[in-house]
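Structure at a glance
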Amino acid sequence: MAVGTRPTSHRPQSGPAAVQRRGRSARDRGDGRAGYVFLTPWLLGLMAVTAIPMLMSLYLSFTNYDILTPWSDVEWIGLKNYQRMFTADPAYWHAVKVTLVFAFIATPLKLGSALGVALLLNRSFRGSGLFRGLFYLPSLLGGSVALAMVWHSLFDRGGSVNAVLGWFGIEGKAWVNDPSTALGTLILLAVWQFGAPMVIFLAGLKQVPNELYEAAEVDGAGSFRKFLSVTLPMLSPVIFFNLVLETIHGFQGFTSAFVLSGGTGGPVDSTLMYTLYLYIRGFANYEMGYASAMAWVFLITIGLVTAVLFRTGRFWVHYSDGDD
Amino acid sequence: MVTVAAGRRPFTPRSLARPVVLLLLTALVLYPLLWMLGTSFKAPEEILNNISVLPEKWTPENYPDGWTHFDVAFGRYFLNSFMVAALTVVANCTSCLLAAYAFARLRFRLRGFWFAIMIGTLLLPSHVLIVPQFVMFRSFGWVGGPWPYLPLIVPHLLATDAFFVFLMVQFMRGIPRELDDAAKIDGCSPYSIFRYVVLPLSRPALVSTAIFSFIWTWNDFFRQLVYLSDLSKYTAPVALTLFIDSTGQSAVGPMFAMSVLSLAPVFLFFVAFQRLLVEGINTTGLKG
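Throughout, residues of each chain are indexed from 1 in the direction in which the sequence is written. To label them, take the chains in the order written and letter them from A, then take the ligands in the order written and number them from 1. Totals for whole chains, interfaces and linings use all residues, but because this is a predicted model, local features are given only for residues with pLDDT of at least 70 and pairs of side-chain atoms are given and counted only at 80 or more. Note: side-chain values were computed over all heavy atoms of the structure, leaving out hydrogens and water.

**Points about the overall build of chain A**
Strands are runs of DSSP state E lasting at least 2 residues, helices are runs of H or I lasting at least 4, and numbering of each runs from the N terminus. Counting secondary structure elements, chain A contains 13 helices and zero strands. Seen in sequence order, chain A has helices and strands lined up from the N terminus as α-α-α-α-α-α-α-α-α-α-α-α-α. Each residue is assigned to one of three classes by its accessible area relative to the maximum for its type, calculated with a 1.4 Å probe on protein chains only: buried under 20%, partly exposed between the two thresholds, exposed over 50%. A buried classification covers 54% of the 324 residues belonging to chain A. Residues are treated as being in contact if the distance between any of their heavy atoms lies within 4.5 Å. Across chain A, the fraction of contacts at a sequence separation of at least 24, relative to all contacts at a separation of at least 6, is 65%. All accessible-area figures derive from a Shrake-Rupley calculation using a 1.4 Å probe, and residue coverage is judged against the displayed protein chains alone. When the accessible surface of chain A is totalled, it reaches about 15,200 Å², and 64% of it is carbon and sulfur.

The structure is reproduced here in structure tokens:
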């Protein structure tokens, strides 16, 4: 490669190859500094808003910082916050349980609904775009406070859910105020917002080459067999992508739990999501040190869960050869 | 098989199944939203034990009642929300565009390293940083200060929304590199290439960023709840929660009226940009 050729004139002389060569050498000269000039806001943000706060939170997690006492009185208490969290705080373990139940029930249900509806909409027919948009709407409205309020009313004693159950002679109850069902209503709210993963599934389904279905048909495969042997493997990278995103998303549920329980995580801590408990400890009780310790355990847990997903993904995610 | 156009075949129970299932699903998905809209026009005695979407007696008074339900008029909360969302949009579009240009088009030392870090911050939950950020912003005197929105806006000025950096990097990679090379031959510096080549061509990515920034900031609750403590500085979502802890049954109508209004901007964006929003989701995997 003749990397050293310098342009002697501003006019390209020998076709695209020469242009490219000249471009590259010119790029090498000015880009280094410009790169960092353009990156400055991001680098500042990384330092000031992400990295330093993370280190600070690590430090705070070993202290009894409560924001009200001055910095000079803040005590280094070693692992006491972590110790208390793991051994002396039943509410903490309750929050962990609630979050795990929520994430591991809501995520598969949500992805299942998303995939099912995506399969229904995959065939193009008159109005298919409209359905796609309508099903996407709830997830766009996402974690809004207004939606959580609606949910509260629908699942309350006099709400629509009970009215419908009444048609079938089933006696309803105040689902949102019953510790055994309150979390279930939150799960249903999350499942209802299946639109975003559905749209991603639809994009993935479009990528499956038609020839594969035709070949399977020649081999005498029925629709179920085609789904199992063609659609699922070809879709597995997209399923994996959605699974990782939605699981992480599920761990972070806050707004609906806050609104449905009036900020308490009730009834009887049944909707005490991890992030809600972190909020209560940190911003209602001002136990900033304790909340920081909770945040670090949260971060490590999410990291571990993601790593486990990636590990297991190797066994079932099928990447077609040639492209990534 | 998958892309065969429906409708040309004779009706059979099997071919009817899909539209029937779809209509049922649509009813199920839309019912909560329609119920909220209808209920915002219902009188108090109609709200309980009523699954009907349409009110028997139309009660538009819920809207003015909700608007003036608290000491501070709800319009104030909407204005606050609009201001925070608008500033966030401007901040995100500017700062993320600059970072994306560096990542997508420029060569510099450690680019791969910084890019990997940027991707890493994509998955960092905001709940992890909220405590130390709060402590830090409070020590700057920003929390509860004369303009308490600083902690909500400044991070966006510094391109901390990695989603948008990523979105724009993906987009810019699609702009032909030959354009840069041609501009360079004409004597353009990386700065003028940014100004005259990449910036004008990035408009679609900027529009997506602007719309999603607006919607997510508008819907955001957690950070606004943490940083805003003065009643007159509340944004609409935080103000909505006032309805939960204050009043009894009588305020349910006004509460839903304000809920409907709080969803209206997002809904209008949805109607106007439905296609773009759906495509934005499926090309980048952004979460709604």
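Read on for the rest.
**Overview of the side chain of B:Thr217**
You can see B:Thr217 is positioned in helix α11 (residues 203-219). When sequence neighbours within four positions are dropped, the list of residues in contact with B:Thr217 reads B:Val84, B:Ala85, B:Thr88 and B:Gln224.

**Some thoughts on the state of the cysteines**
Residues and elements named next belong to chain B. Cysteine sulfurs are considered disulfide-paired once they come within 2.5 Å of each other. Applying the stated criterion across every chain, the model contains zero disulfides over all chains. The cysteine Cys93 is free of any disulfide, with Cys96 supplying the nearest cysteine sulfur at 7.9 Å. With relative accessibility at 0%, the residue Cys96 sits in the buried group.

**Topic: the packing of helix α13 (residues 288-316) of chain A against helix α6 (residues 126-139) of chain B**
Lines fitted to the C-alpha atoms define the axes, with helices restricted to the stretch that makes contact. Angles between their N-to-C directions range from 0 to 180 degrees. Between α13(A) and α6(B), the shortest axis-to-axis distance is 8 Å and the interhelical angle comes to 150 degrees. Taken together, the axis directions place α13(A) and α6(B) in an arrangement best described as roughly antiparallel. Note that α13(A) runs across α6(B); the crossing there is left-handed. Only B:His127, B:Val128, B:Val131, B:Phe134 and B:Val135 of α6(B) make contact with α13(A), whose side of the interface consists of A:Met288, A:Ala291, A:Ser292, A:Ala295, A:Phe298 and A:Leu299. Here the word oblique covers every angle except those under 35 degrees (roughly parallel), over 145 (roughly antiparallel) and from 65 to 115 (roughly perpendicular). Put simply, a crossing is left-handed when the front helix is turned counterclockwise from the back one by less than a right angle, and right-handed when it is turned clockwise.

**Comments concerning the packing of aromatic side chains**
Two rings belonging to Phe, Tyr or Trp (six-membered ring only in the last case) form a pair when the distance between their centres is within 6.5 Å. Interplanar angles under 30 degrees mark stacking, angles over 60 mark edge-to-face geometry, and anything in between is tilted. Under the criterion given, the structure shown has 60 aromatic pairs over all chains. Here A:Trp151 and A:Trp192 contribute two aromatic rings whose centre-to-centre distance is 5.2 Å and whose plane-to-plane angle is 40 degrees, an arrangement assigned as tilted. Note that A:Trp151 is positioned in helix α5 (residues 145-154) and A:Trp192 in helix α7 (residues 182-192), a separation of 41 residues in sequence. For A:Trp192, a relative accessible area of 8% corresponds to the buried category. The interplanar angle of 65 degrees and the centroid separation of 5.1 Å between the aromatic rings of A:Phe258 and B:Phe221 together place this pair among those described as edge-to-face. Residue A:Phe258 is located in helix α11 (residues 255-260), and its partner B:Phe221 is located in the loop between α11 and α12 (222-227); the two belong to separate chains. Each member of the pair, A:Phe258 as well as B:Phe221, carries the same accessibility label: buried. Members of the aromatic cluster, joined through ring pairs, are B:Trp67, B:Phe70, B:Phe74, B:Tyr77, B:Phe78, B:Phe82, B:Phe214, B:Trp218, B:Tyr234, B:Phe243, B:Phe269 and B:Phe273. Only when the NZ of Lys or the CZ of Arg is both within 6 Å of the ring centre and within 35 degrees of the ring normal is a charge said to sit over the ring. The ring centre of A:Tyr290 lies 4.0 Å from the NZ or CZ of A:Arg84, which sits over that ring.

**Observations concerning the interface of chain A and chain B**
In this complex, chain A contributes 102 residues to the contact, which on the side of chain B involves 98 residues. Interface area for chain A against chain B, summed over the two sides, is near 9,200 Å², with a carbon-plus-sulfur share of 75%. By definition, a salt bridge exists where a carboxyl oxygen of Asp or Glu is found within 4 Å of a side-chain nitrogen of Lys or Arg. Run the count over chain A and chain B and you get zero salt bridges. Here a polar contact means two N or O atoms within 3.5 Å. Within protein one must be a hydrogen donor candidate and the other an acceptor candidate, and residues neighboring in sequence count only if both atoms are side-chain atoms. Where chain A touches chain B, the interface holds eight residue pairs in polar contact (both at pLDDT 80 or more). No other element matches helix α1 (residues 15-60) of chain A, which puts 29 residues into the side of chain A that touches chain B. Class assignment of the residues belonging to the side of chain A that touches chain B gives a composition of 68 nonpolar, 26 polar and eight charged. Buried area is calculated as the accessible area (1.4 Å probe) missing from two parts once they are joined, with the contributions of both summed. Charged means Asp, Glu, Lys or Arg here, nonpolar means Ala, Val, Leu, Ile, Met, Phe, Trp, Tyr, Cys or Pro, and polar covers whatever is left, Gly included.

**Observations concerning helix α10 (residues 223-251) of chain A**
In this model α10(A) runs just 35 Å from its N-terminal to its C-terminal C-alpha over 29 residues, more than 12% under the 42 Å that 1.5 Å per residue would give. The seven residues ending at a residue and the seven starting there each receive a fitted axis; the angle between those axes is the bend at that residue. At A:Ser236, α10(A) shows its maximal kink, close to 55 degrees; a proline, A:Pro237, follows between one and four residues later. Here, expected helix span is obtained from the residue count minus one, scaled by 1.5 Å.

**As for the environment of B:Thr26**
Note that B:Thr26 resides in helix α1 (residues 13-39). Residue B:Thr26 is classed as buried on the basis of its relative accessible area of 11%. For the pair B:Thr26 and B:Phe78, spaced 52 residues apart in sequence, the C-alpha to C-alpha distance is 30 Å. Ignoring any residue separated from it by four or fewer positions in sequence, one finds B:Thr26 in contact with A:Phe131, A:Leu134 and A:Phe135.

**Side note on the nonpolar core**
Counting 188 residues, the largest nonpolar core has A:Trp42, A:Phe135, A:Tyr136 and A:Met198 as its most contacted members. Ignoring any residue separated from it by four or fewer positions in sequence, one finds A:Trp42 in contact with B:Ala99, B:Phe103, B:Trp114, B:Ile117, B:Met118, B:Leu158 and B:Ala159. We define the nonpolar core as a collection of buried residues of types Ala, Val, Leu, Ile, Met, Phe, Trp, Tyr and Cys that are connected through side-chain atoms lying within 4.5 Å of one another. Grouped together as the second largest cluster of nonpolar side chains are five residues, A:Val208, A:Tyr213, A:Ala216 and A:Val230 included.

**Side note on the pattern of salt bridges**
Residue and element names in this part refer to chain A. Here the structure, examined in full by the defined rule, presents nine salt bridges over all chains. Where Asp178 meets Lys173, a salt bridge forms, and the shortest distance between an N and an O atom there is 3.1 Å. Judged by its relative accessible area of 21%, Asp178 is partly exposed. The class of Lys173 is partly exposed, set by a relative accessible area of 27%. Lys226 is paired through a salt bridge with Glu217; the nearest N and O atoms lie 3.0 Å apart. Residue classification places Glu217 among the partly exposed positions, given a relative accessible area of 40%.

**Remarks on the confidence of the model for chain B**
Across chain B, pLDDT averages 89, with 91% of residues at or above 70. Listed scores for the predicted complex are pTM 0.88 and ipTM 0.88. Per residue, pLDDT measures the predictor's confidence, with a range of 0 to 100.

**Notes on the packing of helix α4 (residues 74-105) of chain B against α11(B)**
All names here are of chain B. Interaxial distance between α4 and α11 falls to 8 Å at its minimum, and their mutual angle equals 145 degrees. When you trace α4 past α11, the crossing you get is right-handed. Where α4 approaches α11, its residues Phe78, Ser81, Phe82, Val84, Ala85, Thr88, Val89, Asn92, Cys93 and Leu97 are matched on the opposing element by Leu206, Thr209, Ala210, Ser213, Phe214, Thr217 and Trp218. For the contact of α4 with α11, the residue count by class is 11 nonpolar, six polar and no charged.

**A word on a nonpolar patch on the surface**
On the surface, a cluster of nonpolar side chains totalling about 460 Å² of accessible area is made up of A:Val164, A:Trp167, A:Phe168 and A:Ile170. Relative to the helices and strands, A:Ile170 is located in the loop between α6 (160-167) and α7. Residues enter a patch when their relative accessible area is above 30% and they make no salt bridge; the linking distance is 9 Å between like charges and 5 Å between nonpolar side chains (Val, Leu, Ile, Met, Phe, Trp, Tyr).

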